[in-house]
Amino acid sequence: MRNFLKLSKDQKIFKIALDVPVNKFFDYISDDMSIKIGQYVKVPFGKRNLIGICCETSIESEIPVEKLKLIISTENEIVFDESMLKLLYFVSDYYHHPIGQTIMSVVPSRIKKNSLTSSKKELIFKADKCLTSEVIDNFPSRQLRLKKVAQAILNKDLRQKDLSKLVSNGSECVGRLEKMGLISSEVFIQEISRSQQDQPILNKEQRKVVDAIKNNKSFKPWLIHGVTASGKTEVYMNLIAEFLDNSQSQALVLVPEINLTPQLEERFQNRFFDKKIVVLHSYLSDIERLDNWRESKLGNADIVIGTRLGVFTPMPNLKIIIIDEEHDPSFKQSEGLRYHARDVAMMRAKNLDIPIIMGSATPSLETWYKAINTKQNFKYLKLNSRAVESATLPEIKTIQVNDKTKLQVSKEVIDAIQNRLDKKEQTIVFINRRGYSPVLICSSCGWVAECERCSSRLVVHLKKKRLKCHHCGYDQKIINSCVECGNTDLLPLGTGTQKIEDVLKYHFSEAKITRVDRDTTNSKKSIEDLYLKMNNREIDIVIGTQMLAKGHDFPRVTLVVVLDADNALYSPDFRASERLFSQLMQVSGRAGRGKIKGEVLIQSVFPNHHLFDSLKANDFDSFSNQLINERESMGLSPFSYDAVFTVKSKNLNMAKQFINDVSGWAEESLVSTINILGPARPTIEKLKGFERFHLYIQAPSRKDLHMMLKPWISQIRQHPLVNRVKWSVDVDPTDF
């Protein structure tokens, strides 16, 4: 029953979203009538004080008024407006995630910590007209430091950071000079030196795409399906210029990887001199991220370039959303709130009645199918040729290897690399496995080094003399003898980026070789250094993992080599072949982006596989149509709407009991059209010390899926073990 006891005239009930795993708001009272929806507050919760967001006001509560606690304090800043809260309510409901945790997961960490200070702005000190040499000469002779600072400012505007180099108590000196009215200070703004470049003239295909979209400023999803190097970024920039037609307009650009933001940011900065551009990604400090987030929220940032979480950035004047490389799996969050940034962006665009543009050379099968299906609301646009007039798609060749030689670098590859070195051209060698070797094995008994916390093998990192788990981060020293039989002849089997680096250094001792993977490229500076060195021809050969397959533009790369490409051809994951094709087409697209024709060499045990045939012909459509037919016959996405329920516990029996109980409930509550598969163990049964089980749920429509999930999840929350195991629901999963 609701409580209708009267509040005092100067009190109101506020419903607060808190970062706790309970799917509801919490009621508090306050006599501060100025508290607004979207404002953040500090409230008591148990023995703690928490930061929360005010989401609703009310005159009634299910809790007796006398038991309601008072809001401790409020901040004037409004974190989310009504349109953002509406989006977050949808996200919570669609992904079946507690409302408070949904809202608080996208709030900047410094706000959640109630650490609200922005980064300090550097000042610059300037001389006023009354500051002259005569005035300085009249300072008392003992005030040498004051004279020195005053003379320096008279000669030239002085930056705050240069004060300490000038004198030991510079802050005190400028403070005195300001009080005397001799100098003034203002926030220093760094002048960025940008190389003005002629704006490329759009080719016919690009112009057709821009013209089709620019006059449609209401909600419409557009897919730009363009071959690699077809100039999609140039199309994006032209569209942004069309939509930012006044100072009140904003554009949001989402990219899948942090690695893409430096190059993209530079291009945007060079193009939009008069616009404020901010970036949002995890390499920023908390203070930098909060500053950029606030600039976006206040409408001061014209263009926001962000990774996955950027989709939740408040932007009061948002007019267009662009998603680059929309196919990329990293747009899907894999922990906590398991949202897909592309799908959230779609709903945000719909709510705001603005267009959303998705671009890719290899669109996800779901997006592509919607776009070519006339019954859908999508618009499909194609870019068939490369933007640079003389640039052509690279020639793709497969090289036959066998099980024994598939992890070696073939003679054809060595010769092709040497040919590029002779021509002063650059080469990318792609192997999607970091480390030196994926397995350490005993030559006597066959023992393999395995992770203590996961059902996976430890990877050999020879240079650091460590064995590492790439799933949980566990590492240890490389052991000298087998733990089973004591044999000291332990062999590293298989190939990773480190081993390929050693092989190529042996063959090309004079070449400048760089390795790019998560071990070597772990900061914004290392990414920027890579671009600089590639563009300055300080690198001849770059060896890397999937980081190199993402939309990078290296115009002097004319050869791409792919090693060990077969590992996904016969994977149990039904999306594996789609991802492999996408990855290979993307990495192939790094070759021949300039005026010199590119070449791609792929080593494979199965060179005649239909996937490689489609790749050589650059025939995305035929490959995708084949996948569509397979998926339709098996009732898989995009012909079904799916969810994966996962339970994990360090206690195997507890995890078993929980999954068996909830799977039984799922069968009982079944909507007739729903199909339940499992319970089953995932490929990696144990991860980070937790035993895991999955349930796979299939439905023919979104409506049926959510009709089943809602009451079932409510029932799960009442299970006696619900707080003793970890469980999650992943709607529209991309990994299993």
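It should be emphasised that the depicted structure is a prediction, and the values quoted were computed from it without experimental measurement. (Residues numbered from 1 in each chain as written. Predicted model: local features only at pLDDT ≥ 70, side-chain atom pairs only at ≥ 80, totals over all residues. Heavy atoms only, no water.)

Let's shift gears to the environment of Thr233. With respect to the helices and strands, Thr233 occurs in helix H9 (residues 232-243). For Thr233 and Arg267, which are 34 residues apart along the polypeptide, the C-alpha to C-alpha distance reads 9.0 Å. Setting aside anything within four residues of it in sequence, one finds Thr233 in contact with Leu264, Arg267 and Phe268. (Helix = DSSP H or I, 4+ residues; strand = E, 2+ residues; numbered from the N terminus. Contact = heavy atoms within 4.5 Å.)

Together, Arg453, Lys650, Lys688 and Lys726 make up a region of like positive charge exposed at the surface. Along the chain, the position of Lys650 falls in the loop between strand E28 (641-649) and helix H20 (652-668). (Patch = residues over 30% accessible without salt bridge, like charges linked within 9 Å, V, L, I, M, F, W, Y side chains within 5 Å. Areas by Shrake-Rupley, 256 points an atom, 1.4 Å probe, with all protein chains shown as cover. Salt bridge = Lys/Arg side-chain N within 4 Å of Asp/Glu carboxyl O. Lys, Arg positive; Asp, Glu negative; His and termini not counted. Charge placed at Lys NZ, Arg CZ, Asp CG, Glu CD.)

Glancing now at the pattern of salt bridges. Close approach of charged atoms allows side chains of opposite charge to pair. Under the counting rule described, the total for this entry stands at 30 salt bridges. A salt bridge links Lys15 to Asp27, with the shortest nitrogen-to-oxygen separation between them at 3.0 Å. Of this pair, Lys15 sits in strand E1 (residues 12-17) while Asp27 sits in strand E2 (residues 26-30), and the two are twelve residues apart along the sequence. Here the two residues Lys15 and Asp27 agree in accessibility, since each one is buried. The salt bridge involving Lys710 is made with Asp93; its shortest N-O contact spans 2.8 Å. One end of the pair, Lys710, is in helix H21 (residues 702-716); the other, Asp93, is in helix H1 (residues 82-94), and 617 residues separate them in sequence. (Buried < 20%, exposed > 50% of the residue type's maximum accessible area, 1.4 Å probe, protein only.)

Moving on: helix H11 (residues 286-297). Structural remark: α-helix, 3.6 residues per turn; residues separated by three or four positions point the same way. Look at H11: 16 Å from first C-alpha to last across twelve residues, which is about the 16 Å you get at 1.5 Å a residue. The set of residues buried in H11 consists of Leu290, Asp291, Asn292, Trp293, Arg294, Ser296 and Lys297. Contact partners of the buried residues in H11: strand E3 (39-45), strand E6 (73-78), helix H3 (109-112), strand E11 (250-254), strand E12 (277-280) and strand E13 (303-306). In the segment just after H11, Gly299 is the residue with positive phi, at about 85°. (Expected span 1.5 Å × (residues − 1).)

What follows is about the sheet that holds strand E9 (residues 183-187). Pairing is antiparallel in the open sheet, where three strands are placed in the order E8-E7-E9. Of all the strands in the sheet, the pair left with one neighbour each is strand E8 (158-159) and E9. Bridge count for strand E7 (residues 123-127) against E9 is five bridges, and the pairing is antiparallel. From the neighbouring strand, Ile124 faces E9, where its bridge partner is Glu186. Along the sheet, helix H5 (residues 144-155) contacts E7, E8 and E9; its crossing angle with E7, the most-contacted strand, is approximately 85°. In the packing of helix H7 (residues 170-179) onto the sheet, contacts are made with E7 and E9, and the angle to E9 comes to roughly 115°. (Pairing = 2+ DSSP bridges. Axes fitted to C-alpha atoms, helices over the stretch in contact; angles between N-to-C directions.)

One finds Phe80, Ile103, Phe312, Phe645 and Trp712 to be the most contacted residues of the largest nonpolar core, which totals 78 residues. At seven residues, H20 tops the list of elements feeding residues into this core. In this structure, Phe80 is in contact with Ile37, Gly38, Leu85, Leu88, Ile103, Val106, Val107, Trp293, Phe312 and Pro314, ignoring residues within four places of it in sequence. Within the second largest apolar cluster, 34 residues are counted, among which are Phe430, Ala568, Phe581 and Val600. (Core = buried A, V, L, I, M, F, W, Y, C linked by side-chain atoms within 4.5 Å.)

Attention shifts here to the pairing of strand E14 (residues 318-324). By the criterion of burial, E14 is predominantly enclosed, with six of the seven residues buried. Strand direction decides the pairing type here: E11 and E14, joined by five bridges, are parallel. When the sheet's bridge partners are listed, Leu252 is paired in E14 with Ile321. Bridge count between E14 and strand E15 (residues 355-360): four bridges; the pairing is parallel.

Once that is clear, we can look at the pairing of E13. Side-chain direction in a regular strand flips from residue to residue, so the side chains alternate between the two faces of the sheet. Here E13 shows a buried face lined by Ile303 and Ile305 and a second buried face lined by Val304 and Gly306. Where E11 meets E13, four bridges bridge the pair, whose relative direction is parallel. Looking at the pairing, Leu254 lines up with Gly306 of E13. Relative to E13, E12 is paired through four bridges, and the arrangement is parallel. By the bridge assignment, Ile277 is partnered in E13 with Ile303. In terms of handedness, the path from E12 via H11 over to E13 forms a crossover that is right-handed. (Right-handed = clockwise from strand over helix to strand, strands pointing away.)

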